[in-house]
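Coordinates in review
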Amino acid sequence: MANLKSLRNRIRSVNNTRQITKAMKMVSAAKLRRSQERALATRPYSIRIRAMIQGLATLIPAENAPPLLARPPEGPRKILLVIYTADRGLCGSFNSSIIRATRARISQLTQQGHTVSLTFVGRKAHDVLKRQYGALTRDVHVGLTRQLTFESAERIVANKLLADFEAGLFDECHLLYNAFKSAMTQELTWRQLIPAPVDPVVASDGEEVVASPLFEPDEETVLAALLPRNIAVQVFQALAESNAAEHAARMTAMDNAVRNAGEMLKKLSIKYNRTRQAAITTELMEIIGGSESLKG
Amino acid sequence: MSIVIQMELVTPEALLHSEESMLVTAPGTEGYFGVMAGHAPFVTLLKPGILTVGEGDDAKHFVVAGGFVEVMPDKMTILTERALSREQVSQQQVKIERNEVQTQLSAAGLEEPAIAYWQSRLAFVEACQELLNRQKA
């Protein structure tokens, strides 16, 4: 019976899907553990260096501030957005929430008269946005999470940012990434990179982090070394956070997919059994009907 | 006031070492300096060299690359791009790294900032060598 056969095929394909999603969930769970440790390990350095810069910034008069710290003049500016997404999909709303936030921010900034350019870390956002904003795209960095090291983040992303900044291609820079909160939640985070933000730095325990007031050899020298380093550290930290968040999101998404497939399988096999039963009954009726008519 | 100072050795990739110690000696750009509990708060730059935690035979040694040190009266944070403990430094690794750095440095057409980068790598290798020599002595 054709219907029975198509049901059987359907069951097999749903079962395959369930096996694949289950495997992906396992892989993500394993990767999540490692990347979560890494993301958490990047936080102390990032917090300390921001606290130091904040402490220094208050000591240096605004007119002496180096370009990476100086507030750009009011009015239309050239703003670079660095957008972090995954290289691959199948991770729930991980990429789409970033893409949505990017669109909103771009239209908001252009309305205010700013010029926006984009740098993508990770393939997904660029895939979606290139048709609409292709002309704004400056760089696309792909495959950085495959082997996550500070050195590669610095060499590939941060040094390019610094070179472009020095060339005057933009005067403000923001990062957008998913910060890792827990295995279940990611937090969409905007972080201002250039000029270095000077608002108080708050650690995850809610305590304000303050820096020391004395600098060797002097404020300017320390600041000149701190600022480029800060760029590299923040770029790297965002990458580590985003990577952990990606695995967490994928694990949750795949867990849901496995559950859905399981439910579907249950429904399908009930339907299959009913149909099979109906077919048998019909066949029996026919046989009985046939033998009855032979008797007469 | 406590007589020990809480030190933390942090790289961008991890918090490598945390310990309470009487004395920490670090390689600043202005020369090696020692920090004990109650030190006046200050921030300084690091150059590649040997970081010593503790004194005498129990002291722990680390080779650190450039970075920053922040000192508070009861706490000391060392931020560095890269750090190796004494156990992680070996003659073989020093040799391999020295070769790599020297090939890069002797390559034609090297420009800033690459030169500065490889020179700091060379200084790091030299600090590793110094630690090894010290161990033998």
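Residues numbered from 1 in each chain as written. Chains lettered and ligands numbered in written order. Predicted model: local features only at pLDDT ≥ 70, side-chain atom pairs only at ≥ 80, totals over all residues.

Below, the discussion takes up helix H2 (residues 94-111) of chain A. All names here are of chain A. Taking 1.5 Å of rise per residue, 18 residues should cover 26 Å, and H2 covers 27 Å from first to last C-alpha, within 8% of that figure. Those residues of H2 not exposed but buried are Phe94, Asn95, Ile98, Thr102 and Ile106. For H2, the arc enclosing every buried residue in end-on projection is 85°, short of the 170-degree limit, so these residues lie on one face. Structural note: H2 exposes Arg100, Ala104, Ser107, Gln108 and Gln111 on the side pointing more than 90 degrees away from its buried face. In this structure, the buried residues of H2 make contact with strand E1 (78-84), strand E2 (115-121), helix H3 (124-133), strand E4 (172-180), strand E5 (186-194) and helix H5 (219-295). Immediately beyond the C-terminal end of H2, within one or two residues, lies Gly113, with a positive phi of roughly 95°. (Helix = DSSP H or I, 4+ residues; strand = E, 2+ residues; numbered from the N terminus. Expected span 1.5 Å × (residues − 1). Buried ≥ 20, exposed ≤ 12 C-beta atoms within 10 Å, placed from the backbone. Arc of directions from axis to C-beta. Contact = placed C-beta atoms within 7 Å.)

Moving on: the sheet that holds strand E3 (residues 137-141) of chain A. The strands making up a sheet associate through backbone hydrogen bonding, with each pair oriented either parallel or antiparallel. Residue and element names in this part refer to chain A. With mixed pairing, the five strands of this open sheet are ordered in space as E3-E2-E1-E4-E5. With one partner strand each, in any of the chains shown, E3 and E5 form the two edges of the open sheet. Neighbour-to-neighbour, the strand axes of the sheet open up by a mean angle of 20°, direction not taken into account. Pairing between E1 and E4: five bridges, direction parallel. The residue of E4 that forms the bridge with Leu81 is His174. Against the sheet, H3 contacts E1, E2 and E3, and its axis sits at roughly 165° relative to E3. (Pairing = 2+ DSSP bridges. Axes fitted to C-alpha atoms, helices over the stretch in contact; angles between N-to-C directions.)

Here we come to the pairing of strand E6 (residues 49-53) of chain B. Residue and element names in this part refer to chain B. In the sheet, strand E3 (residues 23-28) pairs with E6 via two bridges, with the strands oriented antiparallel. Across the sheet, the residue bridging to Thr25 is Thr52, located in E6. Here five bridges tie E6 to strand E7 (residues 60-64), and the two strands are oriented antiparallel to one another. Following the sheet pairing, Val53 is matched in E7 by Lys60. Where E6 folds back onto E7 in an antiparallel hairpin, the turn is made up of six residues, including Gly54, whose phi is positive at roughly 95°.

Once that is clear, we can look at the domain arrangement of chain B. Residue and element names in this part refer to chain B. Once the domains are mapped, chain B shows domain 1 (5-85) and domain 2 (87-136). Spacing between the C-alpha centres of domain 1 and domain 2 amounts to 21 Å. The interface is formed by eleven residues belonging to domain 1 together with ten residues belonging to domain 2. At the level of secondary structure, the elements contributing two or more residues to the side of domain 1 that touches domain 2 comprise E6, E7 and strand E10 (83-85). Looking at the side of domain 1 that touches domain 2 residue by residue, the classes come out as five nonpolar, four polar and two charged. (Domains from an automatic or database assignment. Nonpolar A, V, L, I, M, F, W, Y, C, P; charged D, E, K, R; others polar.)

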